[in-house]
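The chain contents come next:
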Amino acid sequence: MSVLRAPVIWLTERRSFRRLAADSAIGRRVAGRFVAGESLDDALRAARELDRRGIASMLDHLGENADSEAMCADAADAYIRALKRIHEAEELDCNISVKLTQLGLDQSYGFCLENTERVLEAARTTLVMIDMEASEYVDRTLRILGDLRARHENVGVAFQSMLRRTAQDVFALPEGTPVRLVKGAYLEPESVAHTSRGEVDRAFAHLLATLVARDHPVHVATHDPRLIDGARRHLHRTGYPWAKVEFQMLYGIRRDLQVGLAREGYPIRTYIPYGNQWYPYLTRRLAERPANMWFFASQLVRGGGGKT
Ligand code: FDA
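Predicted model only: the values in this text are computed from it and were never measured.

1. Comments concerning the packing of helix α5 (residues 69-88) against helix α6 (residues 109-123)
For the pair α5 and α6, the least separation of the axes is 9 Å and the interaxial angle reads 10°. On the basis of the axis angle, α5 is roughly parallel to α6. Packed against α5, whose contacting residues are E69, C72, A73, A76, D77, Y79, I80, L83 and H87, the element α6 presents F111, N115, R118, V119, A122 and A123 at the interface. Counted by class, the contact of α5 with α6 contains ten nonpolar, two polar and three charged residues.

2. Quick look at unusual backbone geometry
The phi torsion at R124 lies on the positive side, around 50°, for a residue other than glycine. Inspection of the secondary structure puts R124 in the loop between α6 and β3 (128-130). Residue R124 is classed as exposed on the basis of its relative accessible area, which comes to 55%. Despite not being glycine, D215 has its phi angle at roughly 70°, a positive value.

3. Some details on the site of the ligand
Lining the immediate environment of the ligand, one finds 27 residues, of which M132, G184, T222, H223 and E288 sit closest. For the ligand, a nitrogen atom lies 3.0 Å from a polar atom in the side chain of R180. Residue R285 places a main-chain N or O atom 2.9 Å away from a nitrogen atom belonging to the ligand. Notes on the ligand: free accessible area 920 Å², of which the protein chains cover 90%. Elements with a minimum of two residues in the shell around the ligand: α3 (25-34), β4 (155-160), β5 (179-182), β7 (245-250) and α12 (279-288). The element best represented in the shell around the ligand is β7, accounting for three residues.

4. Considering the side chain of S161
With respect to the secondary-structure elements, S161 resides in the loop between β4 and α8 (166-169). Owing to a relative accessible area of 1%, S161 belongs among the buried residues under this scheme. Excluding residues within four positions of it along the chain, S161 makes contact with V182, K183, H194, V200, A203, F204 and L207.

5. Some words on the domain arrangement of the protein chain
The figure often quoted for interface size is the accessible area lost as the parts come together. You can read the domains of the protein chain as domain 1 (1-35 + 278-308) and domain 2 (36-277). The straight-line distance from the C-alpha centre of domain 1 to that of domain 2 is 24 Å. At the interface, 15 residues of domain 1 touch 25 residues of domain 2. With both sides pooled, the region where domain 1 packs onto domain 2 buries about 1,600 Å², and carbon together with sulfur makes up 57% of that total.

6. What to know about the sheet that holds strand β2 (residues 94-98)
Strand order around the closed barrel formed by eight strands is β1-β2-β3-β4-β5-β6-β7-β8, with parallel pairing between neighbours. Neighbouring strand axes in the sheet, compared pairwise and without regard to direction, differ in orientation by 30° on average. Bridge count for strand β1 (residues 56-61) against strand β8 (residues 268-274) is six bridges, and the pairing is parallel. If you follow H61 over to β8, its bridge partner there is Y274.

7. Focus: the packing of aromatic side chains
What the rule picks out here adds up to three aromatic pairs. The interplanar angle of 35° and the centroid separation of 6.4 Å between the aromatic rings of W242 and F247 together place this pair among those described as tilted. Given the relative accessible area of 27%, W242 is considered partly exposed. On the basis of an interplanar angle of 90° and a centroid distance of 5.8 Å, the ring pair of F247 and Y266 is categorised as edge-to-face. Of the two residues, F247 is situated in strand β7 and Y266 in the loop between α11 (255-263) and β8; the sequence distance between them amounts to 19 residues. What makes F247 buried here is its relative accessible area of 0%. Residue Y266 is classed as buried on the basis of its relative accessible area, which comes to 14%. Taken together, the ring pairs in this structure connect W242, F247 and Y266 into an aromatic cluster.

Analysis parameters
- Think of each chain on its own: its residues are numbered from 1, step by step along the sequence as written.
- Residues qualify for local features only when their pLDDT is at least 70, as the model is predicted, and side-chain atom pairs are given and counted only at 80 or more; totals for whole chains, interfaces and linings, by contrast, use all residues.
- As a convention, hydrogens and water are excluded, and side-chain values are obtained from all of the structure's heavy atoms.
- All axes here are fitted lines through C-alpha atoms, helices being fitted over the stretch that makes contact, and every angle between N-to-C directions spans 0 to 180 degrees.
- Numbering of helices and strands runs from the N terminus; a helix is a DSSP stretch of H or I covering at least four residues, while a strand is a stretch of E covering at least two.
- In this scheme, roughly parallel covers angles under 35 degrees and roughly antiparallel covers those over 145, while 65 to 115 is roughly perpendicular and the rest are oblique.
- Contacts were defined at the residue level, with two residues in contact if any of their heavy atoms lie within 4.5 Å.
- Charged residues are taken to be Asp, Glu, Lys and Arg, nonpolar residues to be Ala, Val, Leu, Ile, Met, Phe, Trp, Tyr, Cys and Pro, and polar residues to be all remaining types, Gly included.
- Burial status follows relative accessibility: with a 1.4 Å probe on protein chains alone, a residue under 20% of its type maximum counts as buried, one over 50% as exposed, and anything between as partly exposed.
- We call a residue near a molecule or strand as soon as one heavy atom of that residue lies within 4 Å of the molecule or strand.
- Pairing of N or O atoms within 3.5 Å defines a polar contact, subject to two protein rules: one partner must be a possible hydrogen donor and the other a possible acceptor, and residues neighboring in sequence count only if both atoms are side-chain atoms.
- Throughout, the Shrake-Rupley method with a 1.4 Å probe supplies accessible areas, and for residues the shown protein chains are the sole cover considered.
- Domain delimitation follows an automatic or database domain assignment.
- Accessible area, probed at 1.4 Å, shrinks when two parts are joined; the buried area is that loss added up over both.
- When DSSP finds two or more bridges between two strands, those strands count as paired.
- Whether two aromatic rings pair depends on their centres lying within 6.5 Å, for rings of Phe, Tyr and Trp, where Trp uses its six-membered ring; planes under 30 degrees apart make the pair stacked, over 60 edge-to-face, and the rest tilted.

Listed below in structure tokens is the structure:
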């Protein structure tokens, strides 16, 4: 993990920085590298472009830590609208990913379960993945997942290799649950998370092997070429069916790798965020790669923010 991650997150959480970034033309331009646009049409346009290159997609209607029940119900409705359009676009291989704090996890367990189930019902057989958020949400996320898996097959969850607990959580997963394996994007204390890159990467490789051994559909979600190569070697060696595997990457990151994997015939899917609640998403992308932050800061200083 980069030593600059904590200061970057600290800075992006300052109200003054947020105002400067979220309300400026430059902020939007930088966000535009990682976010497909503000509307569902923008997201579907991005999905179609990827489809032409043999890359599947997964839509994420941006939003998290919603403040009110009304906002959570609106977020569920937005996903239901997205699913309707996905079902109409039969040619597209496209599913969705949700954040439970967008659907009411901060309000109440039952309310969140109800909203998420509403989305799952609208999804029919389309897969709905649940993002894994900060460590304080993991217990509740896994409990909701368990409740949903008892009634629906089309739901899976993301697991973060940086969290120490994931090594045990993986054994408590309902059978057959699709798992997206990621390193983890949140700033966590050492008591709950591995802090060195080596540990996070080793945990990633170990978790992948466990998921394969336990026969879970697995989404290898990283842009790290070493982990991707390691995953490929492991999957070829074990003869794990490719129908149960996907490589996944984020919109706007390592497009070369995404296109390369597609050309080689590997199953690959891009996570496409869209909507106007892009600031928290952007801060995580900036923190992952401080070079993004320097670029952003220099543009802000040079352009004086260009408020819109
Ligand atoms: P790493 O950070 O080591 O990056 C490897 C290489 O990728 C870098 O050298 C660089 O080239 C490129 N790269 C990575 N991030 C970049 C950036 N921001 N800008 C430019 N280049 C960058 N996290 C989470 O906590 N919960 C979740 O549910 C999800 N969901 C999710 C879905 C999908 C499809 C992906 C790909 C990722 C997530 N993540 C996530 C994010 C994940 O935890 C992680 O923070 C990022 O993927 C970055 O880590 P990498 O594995 O790419 O490795």
